[in-house]
Amino acid sequence: MTRQMTGADMVVQALKDQGVDTIFGYPGGAVLPVYDAIFQQNDIKHILVRHEQAAIHAAEAYARSTGKVGVALVTSGPGATNAVTGLTDALLDSIPIVVFSGQVPTFMIGTDGFQEADTIGITRPCTKHNWLVKDTNALAETIHQAFHVATSGRPGPVLIDLPKDVQFADGTYVGPQKARKSHYQPKLKADIEQINDLAALIEKAERPVFYTGGGVINSGPAASQLLRELVEATGFPITSTLMGLGAYPASGDKWLGMLGMHGLYEANMAMHGCDLMINIGARFDDRITGRLDAFSPGSIKAHIDIDPSSLNKVIQVDLPIVGDIAHVLEDLLKVWKSRGRKTKDISAWTKQIADWRAVRCLDYKNSETVIKPQYALQRFEELTKGMDRYITTEVGQHQMWAAQFLGFEDPNRWMTSGGLGTMGYGFPASIGVQVAHPDSLVVNVAGEASWLMNMQEMGTAIQYNLPVKQFILNNERLGMVRQWQQLLHGERYSNSWSDALPDFVKLAEAFGAKGIQCSDPKDLDDAIMEMINYDGPVIFDCLVEKHENCFPMIPSGKPHNEMLLGDASTEDAIKSDGAVLV
Amino acid sequence: MSALHIKKGSTSHSAYELRDPNGEIIEKHTLAVLVENEPGVLARVIGLFSGRGYNIESLTVAEVDHLGHRSRITIVTTGTPNVIEQIKAQLGRIVPVHEVHDLTVEGQSVERELAMFKVAGTGDKRIEALRLAEIFRANVVDSTLESFVFEMTGTSEKIDAFAELMRPLGLIEQARTGVAALSRGPK
Ligand SMILES: Cc1ncc(C[n+]2csc(CCOP(=O)(O)OP(=O)(O)O)c2C)c(N)n1
Ligand SMILES: [Mg+2]
């Protein structure tokens, strides 16, 4: 389809043609023509957030919970700079989003015009790619290309900067089919010899482990399905990064739990002691590896990733495989089966893992009088397990406890800021998820400090009747910072408490939402049920133990087998050379 | 396992000392990067090097295919073998990058640089400068009674050597293009 229309109409038309029905945004002078076009149609729903950062996080979570592309629209200057944190977040977690920013008209670019910012320059390092469109005739094709780049290969955020005159001017619209094919076509299928090599490794392994990550989720539901098939067929144990939770079900008997800095003992010990590590869509992040020269010293390592730059970046692997997870797993299953579905007897390894599991690393000292944050999450899990449930989180101790204590049976149910660790992500993310899944239970497991960073989104929740539940584990502390100060900085708690907190119940009421406060473990179950059953947004102020530490913990600079399991083991745990690491 | 010809175990180094010059050999590589000639593409390449802490010894860029809008960026960089591999992989995932060639490992290549030198002086020094310029096959592209501008092409090493010789003879300014490089042979 080619026809004449304004640039602003092209934005709307291209979004429709790309199958978009919802966008998140905030208007301003430089995007008024697009807002005008949005006003005059009904196919695309616009959610007005209260801050551009929230628009991006909402779009990210929309994308992650649906497998579709998230779309956001912001104005020039401050609108665009407010989007930078969200773009960086999406880049580090490989989330496909397309962001449109307004820009001063082309003839004013470079004059320090009102609300002019070098958005392309500012966002170049925090997008997968970005475009400044100077000609309305190039706009439609650029938008289609943007969707292609955001979703092809390793997904990521892209940005299109739209000068105001380009939005006003007429041009020729081309549909996605007519648009020129991009040369950007990342490789999906891996070389068959490598698949064969991996099958051979699987046949010979005595202490194997699957180490999976967000790449499995990004590859789509087929990848999770094939992963499950592979795990069941081989019987190999499996662990996952924070980003990969749900790809393999937490109820599966091969499941070791999350690995990494706050991962489970059995998962980290299995990584340390394995003889074959099969990394599927994870990236050897420093939260995972701990000290590199002591990382899984005796293993052969295979690594499957769609992004060639992920391979051999931090850990030199023995068998790097470039390809899309679903494609590679499909081929791998085929090849391994055709070679006779062989594995060694790994019962000694399984027995060893059972012994590690028996350590019960998540055990904590419960209390009759104070709500322990772990207990709050255990009760929450018990009461909501099996529900049609989506979880988002903020960043801090509560995030790690959520990852440890909540179980995910399916992909796309867990939205958290992994790579960037962005406080303020969870609340707008819960909005994005709820918009995509209006009838599901959407809960943001939050810390009080993080939650305040985007609390303005209460307005959005109320305006659009989004019944998001804000489950705040309120320790009146920047808990994760406090924990590090306790362990690393001689208990000098510099600026790590939440002073002058609002009355969260009154705050909820001020916005027209429901507020619940709970401080007694005996009341907790009823309070959680009250939150779940309330038809509307809820702020749940769960007053928890203030000085609880999150364990297990691999202190920075330590290998996996030197995990701290509880407070008793923390004396002098972190040496000064570890303290320089983050 | 040995049948697969793959080595066992991970590397011995840590990310925190990945670029330790004492730990591993530093190599010099010349990369040819073919890119879509669109606005900002050079900024993307340079931003990659600065953002990830890679070295640029020399960088040249010009459009080489006007109809196809292709530019060729030639980068001379240094790093450990792992870092060089990372640089190539990172370059490869920049969207407008079409091809990345490592001329240092993909067979033999020829490298040239163009340089201009302004040498001011009179008497013996002036005569000596002109004599050396002949030996180095540098051309005189401007002259006054007390100065020359020499132009020469050659390897960076040859240009360095000429610059050293000119220094005591009145070298006051020089301009260099950086390295351009092509692989040898018909392909
Ligand atoms: C935007 C941002 N600023 C600072 C930090 C550093 N940081 C990490 S966790 C944390 C404390 C979070 O406190 P809270 O949200 O109350 O969670 P808790 O750890 O207490 O569960 C801070 C300040 C961050 N991750 N993000
Ligand atoms: Mg807190």
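Thresholds applied
Residues numbered from 1 in each chain as written. Chains lettered and ligands numbered in written order. Predicted model: local features only at pLDDT ≥ 70, side-chain atom pairs only at ≥ 80, totals over all residues. Heavy atoms only, no water. UniProt positions renumbered as here; feature names shortened; annotations may be inferred. Helix = DSSP H or I, 4+ residues; strand = E, 2+ residues; numbered from the N terminus. Buried < 20%, exposed > 50% of the residue type's maximum accessible area, 1.4 Å probe, protein only. Areas by Shrake-Rupley, 256 points an atom, 1.4 Å probe, with all protein chains shown as cover. Donors = N, O, S within 2.8 Å, 3.2 Å for Na, K, Ca; no water. Tetrahedral: all angles 85-135°; square planar, octahedral: opposite > 155°, others 65-115°. Domains from an automatic or database assignment. Contact = heavy atoms within 4.5 Å. Buried area = accessible area lost by both parts, 1.4 Å probe. Salt bridge = Lys/Arg side-chain N within 4 Å of Asp/Glu carboxyl O. Polar contact = N/O pair within 3.5 Å; in protein donor to acceptor, adjacent residues only side chain to side chain. Near = heavy atom within 4 Å. Nonpolar A, V, L, I, M, F, W, Y, C, P; charged D, E, K, R; others polar. Pairing = 2+ DSSP bridges. Right-handed = clockwise from strand over helix to strand, strands pointing away.

With an unreviewed UniProt entry as reference, chain B is termed Acetolactate synthase small subunit, source organism Pacificibacter maritimus. Per UniProt, chain B carries the Subunit (unreviewed entry) text "Dimer of large and small chains." Under the UniProt heading Sequence similarities (unreviewed entry), the note attached to chain B is "Belongs to the acetolactate synthase small subunit family."

Where an unreviewed UniProt entry is consulted, chain A appears under the name Acetolactate synthase, with the organism given as Pacificibacter maritimus. In the Catalytic activity (unreviewed entry) part of its UniProt record, chain A is described as follows: "2 pyruvate + H(+) = (2S)-2-acetolactate + CO2".

> What should I look at first to understand the overall build of chain B in this one?
In terms of regular secondary structure, chain B is built from four helices and eight strands. From first element to last, N terminus to C terminus, chain B shows the α and β order β-α-β-β-α-β-β-α-β-β-α-β. Within chain B, the fraction of its 187 residues that count as buried is 38%. Working note: accessible area of chain B is about 10400 Å², and carbon and sulfur atoms make up 54% of it.

> Sorry, what's going on with the coordination of the magnesium ion (ligand 2) here?
Angles at a metal have ideal values that depend on geometry: 109.5 degrees with four tetrahedral donors, 90 or 180 degrees with six octahedral donors. Residue and element names in this part refer to chain A. For the magnesium ion (ligand 2), the protein coordination sphere consists of Glu448 (OE), Glu448 (OE), Asn475 (OD1) and Arg477 (O), at 2.1 to 2.8 Å. Around the magnesium ion (ligand 2) sit six donor atoms, and with donor-metal-donor angles ranging over 50 to 173 degrees the site reads as irregular. Donor residues for the magnesium ion (ligand 2) sit on one chain with the sequence pattern E-x26-N-x1-R. Here glutamate 448 is found in helix 19 (residues 448-452), whereas its partner arginine 477 is found in the loop between strand 18 (469-474) and helix 21 (479-488), with 29 residues between them in sequence.

> Just to check I follow, could you spell out the UniProt feature "domain: Thiamine pyrophosphate enzyme N-terminal TPP-binding" (unreviewed entry) in chain A for this structure?
Under the feature "domain: Thiamine pyrophosphate enzyme N-terminal TPP-binding" (unreviewed entry), the UniProt entry names residues 5-120 of chain A. Structurally, residues 5-120 of chain A is divided into 43% helix and 19% strand, and its ends, taken at the C-alpha atoms, are 25 Å apart.

> Would you mind going over the UniProt feature "domain: Thiamine pyrophosphate enzyme TPP-binding" (unreviewed entry) in chain A with me for this structure?
Under the local residue numbering, the UniProt record ascribes the feature "domain: Thiamine pyrophosphate enzyme TPP-binding" (unreviewed entry) to residues 395-542 of chain A. Span residues 395-542 of chain A is 40% helix and 17% strand, its end C-alpha atoms 16 Å apart.

> Help me understand the domain arrangement of chain B in this model?
A common way to express how large an interface is: the accessible area buried when the components associate. All names here are of chain B. Per the domain assignment, the segments making up chain B are domain 1 (23-102) and domain 2 (109-183). Every contact between the two is made by seven residues of domain 1 and, on the other side, seven residues of domain 2. Looking at the side of domain 1 facing domain 2, the largest losses of area belong to Thr30, Thr60 and Arg72, adding up to 58% of the total buried there. At the junction of domain 1 with domain 2, the criterion picks out zero salt bridges. For the pair domain 1 and domain 2, the number of links is four residue pairs in polar contact (both at pLDDT 80 or more).

> Any chance you could explain the domain arrangement of chain A here in plain terms?
Residue and element names in this part refer to chain A. Taken domain by domain, chain A comprises domain 1 (2-174), domain 2 (192-357) and domain 3 (373-543). Once you take the C-alpha centre of each, domain 1 and domain 3 turn out to be 30 Å apart. Across the boundary between the two partners, domain 1 contributes 24 residues, which contact 27 residues of domain 3. Interface area, domain 1 with domain 3, both sides summed: about 1900 Å², of which 62% is carbon and sulfur. A per-residue breakdown of the area domain 1 buries against domain 3 is headed by Arg50, Arg64 and Ser65, which together make up 28% of the total. Our enumeration of links across domain 1 and domain 3 arrives at zero salt bridges. Here domain 1 is connected to domain 3 by 12 residue pairs in polar contact (both at pLDDT 80 or more). It is helix 3 (residues 52-66) that provides the largest number of residues to the side of domain 1 that touches domain 3, a total of 10 residues.

> Before we go on, may I ask you to explain the site of ligand 1 in this structure?
Residues and elements named next belong to chain A. Around ligand 1 sit 17 residues, and of these Gln397, His398, Gly421, Ser450 and Gly479 come closest. In the model, an oxygen atom of ligand 1 is placed 2.9 Å from a nitrogen or oxygen of the histidine 398 side chain. Measuring from a nitrogen atom of ligand 1, one finds a backbone N or O atom of methionine 423 at 3.4 Å. For ligand 1, whose unbound accessible area comes to 580 Å², protein coverage reaches 76%. At the level of secondary structure, the elements contributing two or more residues to the shell around ligand 1 comprise helix 17 (397-405), helix 19 and helix 21. Across the shell around ligand 1, the residue classes break down as seven nonpolar, eight polar and two charged.

> What exactly am I supposed to notice about the pairing of strand 19 (residues 514-518) of chain A here?
Along any regular strand, the residues point their side chains to alternate faces of the sheet. All names here are of chain A. Pairing of strand 19 with strand 20 (residues 538-543) involves five bridges; the strand directions are parallel. For lysine 514, the partnering residue across the bridge sits in strand 20 and is valine 538. The parallel pair strand 19 and strand 20, bridged by helix 23 (residues 524-533), forms a crossover whose chirality is right-handed.

> Quick question: what am I supposed to make of the sheet that holds strand 17 (residues 441-447) of chain A here?
Whether parallel or antiparallel, the strands of a sheet pair through hydrogen bonds between backbone atoms. All names here are of chain A. In space, the six strands of this open sheet follow the order 16-15-17-18-20-19, with parallel pairing throughout. Each having just a single partner strand, strand 16 (414-415) and strand 19 make up the two edges of the open sheet. The sheet contact formed by strand 15 (residues 389-393) and strand 16 spans two bridges and is parallel. Note that in strand 16 the partner of threonine 392 across the bridge is methionine 415.

> Just to check I follow, could you spell out the side chain of serine 156 of chain B for this structure?
Looking at the secondary structure, you find serine 156 of chain B in helix 4 (residues 156-166). Every residue in contact with serine 156 of chain B, bar those within four places of it in the chain, is listed here: Glu113, Arg176 and Val179 of chain B.

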